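Geometric and topological summary
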Amino acid sequence: MEAGGSEVKEGDPTPGAVPMVSMEGVNKHFGSLHVLKDINLTVDRGQVIVVLGPSGSGKSTLCRTINRLETIDSGTIAIDGEVLPAEGKKLAQLRSDVGMVFQSFNLFAHKTILENVTLAPMRVRKVSKDKARETAMSLLERVGVANQADKYPAQLSGGQQQRVAIARSLAMNPKVMLFDEPTSALDPEMINEVLNVMTSLAKEGMTMVVVTHEMGFARGAANRVVFMADGAIVEAAEPTEFFTNPKSDRAKDFLSKILKH
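Keep in mind the model is a prediction, meaning the values are calculated, not measured.

Turning to the confidence of the model for the chain, a few remarks are in order. When pLDDT is averaged along the chain, the result is 90, and 93% of the positions lie at 70 or above. In this model, residues 1-14 is a region of pLDDT below 50 whose contacts with residues beyond four sequence positions or in other chains number one contact.

Put into C-alpha coordinates, the structure is as follows:
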(Lines give C-alpha, C1' and ligand atoms only; values in the text may rest on other atoms or scores of the structure.)
Protein backbone atom coordinates (compact mmCIF):
# COMPACT_ATOMS: atom_id res chain seq x y z
CA MET A 1 0.00 0.00 0.00
CA GLU A 2 1.33 3.42 -0.91
CA ALA A 3 2.17 5.68 1.99
CA GLY A 4 -0.44 8.35 2.43
CA GLY A 5 -2.61 6.87 -0.31
CA SER A 6 -5.67 6.86 1.90
CA GLU A 7 -5.20 10.54 2.73
CA VAL A 8 -6.47 11.79 -0.61
CA LYS A 9 -10.12 12.75 -0.31
CA GLU A 10 -12.59 12.42 -3.12
CA GLY A 11 -12.57 15.57 -5.26
CA ASP A 12 -9.23 16.88 -3.97
CA PRO A 13 -7.22 18.48 -6.73
CA THR A 14 -4.13 16.52 -7.61
CA PRO A 15 -0.89 18.21 -6.53
CA GLY A 16 0.01 21.04 -8.89
CA ALA A 17 -3.45 21.08 -10.43
CA VAL A 18 -4.53 24.37 -8.83
CA PRO A 19 -5.12 26.83 -11.69
CA MET A 20 -2.73 29.78 -11.79
CA VAL A 21 -5.66 32.14 -12.40
CA SER A 22 -9.24 31.35 -11.57
CA MET A 23 -12.21 33.68 -12.10
CA GLU A 24 -15.62 32.52 -10.91
CA GLY A 25 -18.88 34.39 -11.46
CA VAL A 26 -17.11 37.72 -11.86
CA ASN A 27 -19.34 40.74 -12.50
CA LYS A 28 -18.34 44.35 -12.91
CA HIS A 29 -20.35 47.50 -13.59
CA PHE A 30 -19.27 51.01 -14.51
CA GLY A 31 -22.38 52.86 -13.40
CA SER A 32 -25.27 51.31 -15.29
CA LEU A 33 -22.95 49.65 -17.81
CA HIS A 34 -22.48 45.93 -17.14
CA VAL A 35 -18.92 45.49 -18.44
CA LEU A 36 -18.17 41.96 -17.17
CA LYS A 37 -21.02 39.48 -17.10
CA ASP A 38 -20.60 36.31 -15.08
CA ILE A 39 -17.03 35.64 -16.16
CA ASN A 40 -15.72 32.13 -15.50
CA LEU A 41 -12.15 31.55 -16.61
CA THR A 42 -9.31 29.30 -15.52
CA VAL A 43 -5.74 29.58 -16.66
CA ASP A 44 -3.51 26.64 -15.85
CA ARG A 45 0.16 26.92 -14.96
CA GLY A 46 2.21 27.55 -18.09
CA GLN A 47 -0.82 28.26 -20.28
CA VAL A 48 -1.03 31.19 -22.67
CA ILE A 49 -4.57 32.54 -23.00
CA VAL A 50 -5.23 35.14 -25.68
CA VAL A 51 -8.36 37.25 -25.20
CA LEU A 52 -9.90 38.53 -28.44
CA GLY A 53 -13.01 40.54 -29.16
CA PRO A 54 -14.33 43.79 -30.60
CA SER A 55 -13.63 47.13 -28.92
CA GLY A 56 -15.72 47.64 -25.80
CA SER A 57 -16.21 43.91 -25.23
CA GLY A 58 -14.62 44.02 -21.75
CA LYS A 59 -11.22 42.50 -22.62
CA SER A 60 -9.07 45.14 -20.91
CA THR A 61 -11.37 45.30 -17.90
CA LEU A 62 -11.10 41.52 -17.51
CA CYS A 63 -7.32 41.80 -17.62
CA ARG A 64 -7.26 44.62 -15.07
CA THR A 65 -9.52 42.81 -12.59
CA ILE A 66 -7.09 39.88 -12.38
CA ASN A 67 -4.78 41.95 -10.21
CA ARG A 68 -7.50 44.20 -8.82
CA LEU A 69 -6.56 47.32 -10.76
CA GLU A 70 -10.33 47.28 -11.27
CA THR A 71 -12.52 46.18 -8.37
CA ILE A 72 -15.29 43.67 -9.00
CA ASP A 73 -18.91 43.74 -7.85
CA SER A 74 -19.30 40.00 -7.32
CA GLY A 75 -17.51 36.71 -7.84
CA THR A 76 -14.03 35.55 -6.85
CA ILE A 77 -10.61 35.78 -8.43
CA ALA A 78 -7.77 33.57 -7.22
CA ILE A 79 -4.09 33.56 -8.10
CA ASP A 80 -2.40 30.20 -7.59
CA GLY A 81 -5.22 29.13 -5.27
CA GLU A 82 -5.20 32.31 -3.14
CA VAL A 83 -8.35 34.42 -3.38
CA LEU A 84 -7.62 38.09 -4.00
CA PRO A 85 -8.87 40.23 -1.12
CA ALA A 86 -10.31 43.67 -1.87
CA GLU A 87 -7.48 45.57 -0.22
CA GLY A 88 -4.67 45.49 2.34
CA LYS A 89 -1.27 43.86 2.70
CA LYS A 90 -2.36 40.50 1.39
CA LEU A 91 -3.59 42.10 -1.83
CA ALA A 92 -0.28 43.91 -2.31
CA GLN A 93 1.56 40.63 -1.78
CA LEU A 94 -0.58 38.71 -4.28
CA ARG A 95 -0.49 41.56 -6.74
CA SER A 96 3.31 41.47 -6.73
CA ASP A 97 3.04 37.91 -8.11
CA VAL A 98 1.20 39.24 -11.16
CA GLY A 99 3.23 41.12 -13.76
CA MET A 100 1.36 43.60 -15.95
CA VAL A 101 2.35 45.18 -19.24
CA PHE A 102 0.08 47.94 -20.53
CA GLN A 103 -0.60 49.63 -23.83
CA SER A 104 1.41 52.63 -22.65
CA PHE A 105 4.78 51.69 -21.25
CA ASN A 106 4.37 53.40 -17.85
CA LEU A 107 8.12 53.68 -17.27
CA PHE A 108 9.43 56.28 -14.82
CA ALA A 109 10.68 59.06 -17.10
CA HIS A 110 13.21 60.44 -14.59
CA LYS A 111 14.86 57.07 -13.94
CA THR A 112 17.27 55.19 -16.18
CA ILE A 113 16.22 51.93 -17.83
CA LEU A 114 18.26 50.00 -15.26
CA GLU A 115 16.69 51.93 -12.36
CA ASN A 116 13.22 51.27 -13.77
CA VAL A 117 13.88 47.53 -13.64
CA THR A 118 15.60 47.38 -10.23
CA LEU A 119 13.20 49.64 -8.31
CA ALA A 120 10.38 47.21 -7.44
CA PRO A 121 12.56 44.18 -6.56
CA MET A 122 14.54 46.36 -4.13
CA ARG A 123 11.50 48.10 -2.61
CA VAL A 124 8.95 45.29 -2.61
CA ARG A 125 11.00 42.10 -2.56
CA LYS A 126 13.84 43.67 -0.49
CA VAL A 127 16.45 42.35 -2.93
CA SER A 128 19.95 43.80 -2.47
CA LYS A 129 21.07 46.46 -4.94
CA ASP A 130 23.78 44.25 -6.43
CA LYS A 131 21.46 41.29 -6.87
CA ALA A 132 18.69 43.48 -8.34
CA ARG A 133 21.20 44.99 -10.76
CA GLU A 134 22.53 41.60 -11.82
CA THR A 135 19.01 40.26 -12.44
CA ALA A 136 17.98 43.44 -14.27
CA MET A 137 20.95 43.28 -16.62
CA SER A 138 20.29 39.65 -17.49
CA LEU A 139 16.61 40.47 -18.16
CA LEU A 140 17.51 43.50 -20.30
CA GLU A 141 19.86 41.18 -22.20
CA ARG A 142 17.02 38.72 -22.62
CA VAL A 143 14.70 41.33 -24.14
CA GLY A 144 17.50 42.77 -26.28
CA VAL A 145 18.06 46.21 -24.70
CA ALA A 146 20.99 45.68 -22.29
CA ASN A 147 23.03 48.24 -24.24
CA GLN A 148 20.41 50.89 -23.33
CA ALA A 149 20.63 50.36 -19.54
CA ASP A 150 21.95 53.85 -18.70
CA LYS A 151 19.58 55.74 -20.99
CA TYR A 152 16.25 57.29 -20.03
CA PRO A 153 12.92 56.08 -21.46
CA ALA A 154 12.52 59.10 -23.77
CA GLN A 155 15.78 58.13 -25.52
CA LEU A 156 14.36 54.74 -26.55
CA SER A 157 11.93 53.78 -29.30
CA GLY A 158 8.44 52.62 -28.34
CA GLY A 159 9.35 49.00 -29.06
CA GLN A 160 12.42 49.24 -26.83
CA GLN A 161 10.41 50.90 -24.05
CA GLN A 162 7.80 48.14 -24.17
CA ARG A 163 10.53 45.49 -23.96
CA VAL A 164 11.93 47.31 -20.91
CA ALA A 165 8.41 47.25 -19.41
CA ILE A 166 8.35 43.46 -19.92
CA ALA A 167 11.78 43.13 -18.26
CA ARG A 168 10.57 45.28 -15.37
CA SER A 169 7.62 42.94 -14.81
CA LEU A 170 9.83 39.86 -15.04
CA ALA A 171 12.21 41.32 -12.45
CA MET A 172 9.55 40.63 -9.80
CA ASN A 173 9.64 36.95 -10.75
CA PRO A 174 5.87 36.88 -11.27
CA LYS A 175 3.75 33.74 -11.34
CA VAL A 176 1.64 35.10 -14.17
CA MET A 177 2.01 37.91 -16.72
CA LEU A 178 -0.89 40.02 -17.98
CA PHE A 179 -0.53 41.89 -21.25
CA ASP A 180 -3.18 44.50 -22.07
CA GLU A 181 -2.84 45.31 -25.79
CA PRO A 182 0.94 45.63 -25.44
CA THR A 183 1.56 46.45 -29.11
CA SER A 184 -1.38 48.71 -29.96
CA ALA A 185 0.53 51.95 -29.30
CA LEU A 186 3.54 50.87 -31.36
CA ASP A 187 4.53 51.67 -34.92
CA PRO A 188 4.11 48.61 -37.16
CA GLU A 189 7.85 47.95 -37.51
CA MET A 190 8.20 47.71 -33.72
CA ILE A 191 5.37 45.29 -33.10
CA ASN A 192 7.31 42.14 -33.96
CA GLU A 193 10.21 42.91 -31.66
CA VAL A 194 7.77 42.95 -28.73
CA LEU A 195 5.79 39.92 -29.93
CA ASN A 196 9.05 37.97 -30.34
CA VAL A 197 9.89 38.56 -26.67
CA MET A 198 6.37 37.48 -25.67
CA THR A 199 6.58 34.36 -27.85
CA SER A 200 9.87 33.33 -26.25
CA LEU A 201 8.33 33.84 -22.77
CA ALA A 202 5.43 31.60 -23.79
CA LYS A 203 7.84 28.90 -24.98
CA GLU A 204 9.67 29.07 -21.66
CA GLY A 205 6.43 28.23 -19.86
CA MET A 206 5.37 31.60 -18.45
CA THR A 207 1.66 31.69 -17.60
CA MET A 208 0.22 34.54 -19.66
CA VAL A 209 -3.09 36.28 -20.27
CA VAL A 210 -2.81 38.45 -23.37
CA VAL A 211 -5.37 40.92 -24.70
CA THR A 212 -4.31 41.65 -28.27
CA HIS A 213 -5.39 42.27 -31.86
CA GLU A 214 -2.37 40.37 -33.18
CA MET A 215 -3.91 37.31 -34.80
CA GLY A 216 -0.54 35.80 -35.74
CA PHE A 217 0.48 35.77 -32.08
CA ALA A 218 -2.89 34.29 -31.10
CA ARG A 219 -2.48 31.50 -33.65
CA GLY A 220 1.14 30.77 -32.88
CA ALA A 221 1.58 31.24 -29.13
CA ALA A 222 -1.83 30.70 -27.48
CA ASN A 223 -2.95 27.44 -25.90
CA ARG A 224 -6.48 28.79 -25.87
CA VAL A 225 -8.31 31.71 -27.43
CA VAL A 226 -11.06 33.32 -25.37
CA PHE A 227 -13.49 35.39 -27.42
CA MET A 228 -15.45 38.14 -25.67
CA ALA A 229 -18.37 40.27 -26.80
CA ASP A 230 -20.60 42.64 -24.79
CA GLY A 231 -18.86 41.82 -21.50
CA ALA A 232 -19.29 38.05 -21.73
CA ILE A 233 -17.10 35.15 -22.81
CA VAL A 234 -18.85 33.90 -25.93
CA GLU A 235 -16.54 31.02 -26.72
CA ALA A 236 -13.16 29.55 -25.85
CA ALA A 237 -11.21 27.09 -27.99
CA GLU A 238 -7.78 26.08 -29.19
CA PRO A 239 -6.47 28.58 -31.77
CA THR A 240 -6.75 26.25 -34.78
CA GLU A 241 -10.32 25.39 -33.87
CA PHE A 242 -11.27 29.01 -33.19
CA PHE A 243 -9.80 30.42 -36.40
CA THR A 244 -11.03 27.68 -38.72
CA ASN A 245 -14.32 26.78 -37.11
CA PRO A 246 -15.74 29.51 -34.84
CA LYS A 247 -19.00 28.42 -33.23
CA SER A 248 -20.81 31.71 -32.58
CA ASP A 249 -22.10 34.27 -35.06
CA ARG A 250 -20.32 37.00 -33.08
CA ALA A 251 -16.95 35.28 -33.54
CA LYS A 252 -17.62 34.56 -37.22
CA ASP A 253 -18.48 38.20 -37.79
CA PHE A 254 -15.41 39.40 -35.87
CA LEU A 255 -13.05 37.09 -37.77
CA SER A 256 -14.50 37.95 -41.17
CA LYS A 257 -13.75 41.63 -40.49
CA ILE A 258 -10.29 41.08 -39.00
CA LEU A 259 -8.95 38.44 -41.36
CA LYS A 260 -9.88 40.31 -44.53
CA HIS A 261 -7.28 42.97 -43.76
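From this point, things continue past the structure.
Along the chain, N116 turns up in helix 3 (residues 113-123). A distance of 2.7 Å separates a polar side-chain atom of N116 from the backbone nitrogen of F108. Not counting residues up to four positions away in its chain, the partners in contact with N116 are L107, F108, K111, P153 and R168.

In this numbering, the UniProt entry assigns the feature "domain: ABC transporter" (unreviewed entry) to residues 21-255. Helix and strand shares over residues 21-255 are 37% and 26% respectively, and the end C-alpha atoms of the span are 27 Å apart.

Before going further, it helps to examine the nonpolar core. Counting 51 residues, the largest nonpolar core has L140, I166 and M208 as the members making the most contacts within it. Top element by residues in this core is helix 6 (residues 188-203). It accounts for eight residues. Apart from residues no more than four positions distant in its own chain, I166 is found in contact with V101, M177, F179, V194, V197, M198 and L201. Ranked by size, the runner-up nonpolar core spans 28 residues in total, among them L41, L84, V209 and V226.

Moving on: the pairing of strand 10 (residues 232-237). On a regular strand, one side chain projects to one face of the sheet and the next to the other, so that they alternate. Two strands pair when backbone bridges link them, and strand 9 (residues 224-229) and strand 10 are joined in this way by five bridges, in the antiparallel orientation. When the sheet's bridge partners are listed, M228 is paired in strand 10 with I233. Hairpin remark: strand 9 followed by strand 10, antiparallel, with two residues in the connecting loop; positive phi at D230, about 50°.

Attention shifts here to the pattern of salt bridges. When charged atoms on two side chains of opposite charge get close, those side chains can pair. Scanning the model with the defined rule gives 11 salt bridges in all. E70 is paired through a salt bridge with K28; the nearest N and O atoms lie 3.9 Å apart. Of this pair, E70 sits in the loop between helix 1 (59-65) and strand 4 (74-79) while K28 sits in strand 1 (residues 21-30); the two residues are 42 residues apart in sequence, bridging distant segments of the chain. Between K247 and E241 there is a salt bridge, with the nearest N and O atoms lying 2.6 Å from each other. By sharing partners, the salt bridges in this structure join K28, R64 and E70 into a single network.

Conventions adopted
Residues numbered from 1 in each chain as written. Predicted model: local features only at pLDDT ≥ 70, side-chain atom pairs only at ≥ 80, totals over all residues. Heavy atoms only, no water. pLDDT = per-residue confidence, 0-100. Contact = heavy atoms within 4.5 Å. Helix = DSSP H or I, 4+ residues; strand = E, 2+ residues; numbered from the N terminus. Polar contact = N/O pair within 3.5 Å; in protein donor to acceptor, adjacent residues only side chain to side chain. UniProt positions renumbered as here; feature names shortened; annotations may be inferred. Core = buried A, V, L, I, M, F, W, Y, C linked by side-chain atoms within 4.5 Å. Buried < 20%, exposed > 50% of the residue type's maximum accessible area, 1.4 Å probe, protein only. Pairing = 2+ DSSP bridges. Salt bridge = Lys/Arg side-chain N within 4 Å of Asp/Glu carboxyl O.

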